[in-house]
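Examination of the molecular architecture
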Amino acid sequence: QDVADLASAIYAEARNQNSLGKAAVGHTIATRAALGGVTIGDVVYGSVSKKYGQYSFSNPNDKNRKAVAKAPRTDPKNWASAVSVAKGILSGEIENPVPGATNYKVSGTKAGWAKKANNLGKVGSHTFYSLPGAEVRGVVRNAAYSPYRREALVGADAVNGVTPASLGNAPG
């Protein structure tokens, strides 16, 4: 299920990005899971609030939620790309283009947490940051074990037959 959960987040957050941008987003999620000692799904669908989660697409009223749930059927090309990158990240075939990144946001948007974070640079339309591991670990674990954790939008069966992508020298 980790591949489907990571692919869902990559699709939701970076489907308009090239492979490098998708990998940067996906690796940030994987880093959060590793720091928290939880699954990818715990990070993607974890929430300490009934209304807001760590990733907006998983929120009950988010307009992107339905697009993610239907992506394997309605947007197979972008879904396959997200799955391919997710598999490459989890297998270790795709290197992390932003080592140490624990957070990201769309460049040009405001986020309170960004003021105290270390800016690691921009990849595609996202700016990546690192926050202290202990702080991230606490947020991730609280969300993962919260009663407000969301159900996965896409099942593991939606990733069958897609092979990992090679980033090669993809432009960033």
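Notes on the structure in this doc start here. (Residues numbered from 1 in each chain as written. Predicted model: local features only at pLDDT ≥ 70, side-chain atom pairs only at ≥ 80, totals over all residues. Heavy atoms only, no water.)

**Focus on the overall build of the protein chain**
Note the following rule: The helix count covers DSSP runs of H or I at least four residues long, the strand count covers runs of E at least two residues long, and both are numbered beginning at the N terminus. Only protein chains enter the calculation, and the probe is 1.4 Å; a residue is then buried if its accessible area is under 20% of its type maximum, exposed if over 50%, and partly exposed in between. Throughout, a residue-residue contact means that at least one pair of heavy atoms, one from each residue, lies within 4.5 Å. Computed with the Shrake-Rupley method and a 1.4 Å probe, the accessible areas treat only the protein chains shown as cover for residues. Here Asp and Glu are counted as negative and Lys and Arg as positive; His is not counted, and neither are the chain ends. Lys charges are placed at NZ, Arg charges at CZ, Asp charges at CG and Glu charges at CD.
Secondary structure assignment for the protein chain yields six helices and three strands. The N-to-C order of helical and strand elements in the protein chain reads α-α-α-α-α-β-β-β-α. If one aligns the C-alpha atoms of the protein chain with their principal axes, the spans along those axes are about 40 × 35 × 30 Å. Among the 172 residues that make up the protein chain, the fraction classed as buried is 47%. Looking at the protein chain alone, contacts between residues at least 24 apart form 71% of all its contacts between residues at least 6 apart. Split by element, the accessible area of the protein chain, about 8,300 Å² in all, is 50% carbon and sulfur. The protein chain carries 21 positive and 11 negative side-chain charges, and their two centres are separated by 10 Å.

**Quick word on the side chain of serine 8**
The test is simple: Under the rule applied, a polar contact is a pair of N or O atoms within 3.5 Å (in protein, one hydrogen donor and one hydrogen acceptor; residues adjacent in sequence only if both atoms are side-chain atoms).
If you trace the backbone, serine 8 turns up in helix H1 (residues 2-14). Judged by its relative accessible area of 0%, serine 8 is buried. In this structure the side chain of serine 8 is engaged in a polar contact, spanning 2.8 Å, whose partner is the backbone oxygen of alanine 4. Not counting residues up to four positions away in its chain, the partners in contact with serine 8 are Tyr45, Phe57, Val68, Trp79 and Val154.

**Section: helix H4 (residues 64-74)**
Note the threshold: What the arc measures is the spread of directions leading from the helix axis to the C-beta atoms.
Of the positions making up H4, those classed as buried are Asn64, Val68 and Ala71. End-on, the buried residues of H4 take up no more than an arc of 60°, which puts them together on one face. Of the exposed residues in H4, the ones pointing more than 90 degrees away from its buried face are Lys66, Arg73 and Thr74. If you follow the buried residues of H4, they end up packed against H1 and helix H5 (76-91).

**Concerning the packing of helix H2 (residues 19-36) against H5**
Helix packing geometry: the angle between the two helix axes and the distance between the axes. Stated formally: Fitted lines through C-alpha atoms serve as axes, helices being fitted only where they are in contact, and the angles separating the N-to-C directions of these axes extend from 0 to 180 degrees. Working rule for angles: under 35 degrees goes down as roughly parallel, over 145 as roughly antiparallel, 65 to 115 as roughly perpendicular, anything else as oblique. Put simply, a crossing is left-handed when the front helix is turned counterclockwise from the back one by less than a right angle, and right-handed when it is turned clockwise. Throughout this entry, Asp, Glu, Lys and Arg are counted as charged residues, while Ala, Val, Leu, Ile, Met, Phe, Trp, Tyr, Cys and Pro are counted as nonpolar. The remaining residues, Gly among them, count as polar.
In contact at an axis separation of 9 Å, H2 and H5 are set at 50° when each is read in the N-to-C sense. Judged by the angle between their axes, H2 and H5 are oblique. Read as a crossing pair, H2 and H5 show a hand that is right-handed. Packed against H2, whose contacting residues are Ser19, Lys22, Ala23, Gly26, His27 and Ala30, the element H5 presents Ser81, Val85 and Ile89 at the interface. When grouped by side-chain class, the residues that make up the contact of H2 with H5 number four nonpolar, four polar and one charged.

**Details of the environment of serine 47**
Tracing the backbone shows serine 47 in the loop between helix H3 (40-45) and H4. In this structure, the C-alpha to C-alpha distance between serine 47 and alanine 144, residues 97 residues apart in sequence, is 6.7 Å. When near neighbours in sequence (up to four residues on either side) are disregarded, serine 47 contacts Tyr52, Gly53, Ala143, Ser146, Tyr148, Arg149 and Arg150.

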